[in-house]
Amino acid sequence: MNATELKTKTPDQLRDSLVALKKEAFNLRFQQATGQLENTARMRAVRRDVARIKTVLAQKATEAAN
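Overview of the structure.

Quick notes on the rules
- Residues numbered from 1 in each chain as written.
- Predicted model: local features only at pLDDT ≥ 70, side-chain atom pairs only at ≥ 80, totals over all residues.
- Heavy atoms only, no water.
- Helix = DSSP H or I, 4+ residues; strand = E, 2+ residues; numbered from the N terminus.
- Rg over C-alpha atoms; globule rule 2.2 N^0.38 Å.
- Buried < 20%, exposed > 50% of the residue type's maximum accessible area, 1.4 Å probe, protein only.
- Contact = heavy atoms within 4.5 Å.
- Lys, Arg positive; Asp, Glu negative; His and termini not counted.
- Charge placed at Lys NZ, Arg CZ, Asp CG, Glu CD.
- Salt bridge = Lys/Arg side-chain N within 4 Å of Asp/Glu carboxyl O.
- Expected span 1.5 Å × (residues − 1).

**Focus on the overall build of the protein chain**
- Along the backbone of the protein chain there are three helices and zero strands.
- Since a compact globule built from 66 residues should have a radius of gyration of about 11 Å, the 14 Å found for the protein chain marks it as more spread out than a globular shape.
- By its C-alpha atoms, the protein chain is 50 × 15 × 15 Å across when sized along the principal axes.
- Counting every position in the protein chain, which comprises 66 residues, the buried fraction comes to 23%.
- For the protein chain, restricting intrachain contacts to residue pairs at least 6 apart in sequence, the fraction spanning at least 24 positions comes to 67%.
- For the protein chain, the centre of its 13 positive side-chain charges and the centre of its 7 negative side-chain charges are spaced 6 Å apart.

Given below as structure tokens:
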């Protein structure tokens, strides 16, 4: 998921994606704790996707305020 894709989405779609990614991050942490996690790089990718979504949401909120 890249920033240009995210900028075309509506804030509601971004919030839905954020919720889904946070659930996935929780599940990945749980798998890691139990020793079942196979793809450890996915944790990093999910964290970065969450940060991207939060950044785009903040940008859209700033644009709407001006």
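**Some details on the pattern of salt bridges**
- Tallied over the full model, the rule gives three salt bridges.
- Between R42 and E24 there is a salt bridge, with its nearest N and O atoms 2.8 Å apart. Here the residue R42 occupies a position in helix α3 (residues 41-65), and E24 occupies one in helix α2 (residues 11-34), the gap between them amounting to 18 residues.
- On the basis of relative accessible area, R42 is assigned to the partly exposed category, the value being 29%.
- Note on E24: relative accessible area 26%, which makes it partly exposed.
- Ionic pairing is found between R52 and D49, a salt bridge with its closest N-O pair at 2.8 Å.

**So, α3**
- In a regular helix each residue adds 1.5 Å, so 25 residues correspond to 36 Å; α3 covers 37 Å between its end C-alpha atoms and thus fits that length.
- Buried residues of α3: M43, V46, D49, V50, I53, V56 and L57, and no others.
- Looking at the buried side of α3, the elements it contacts are α1 (3-7) and α2.

Worth remembering: the numbers are spatial, not functional.
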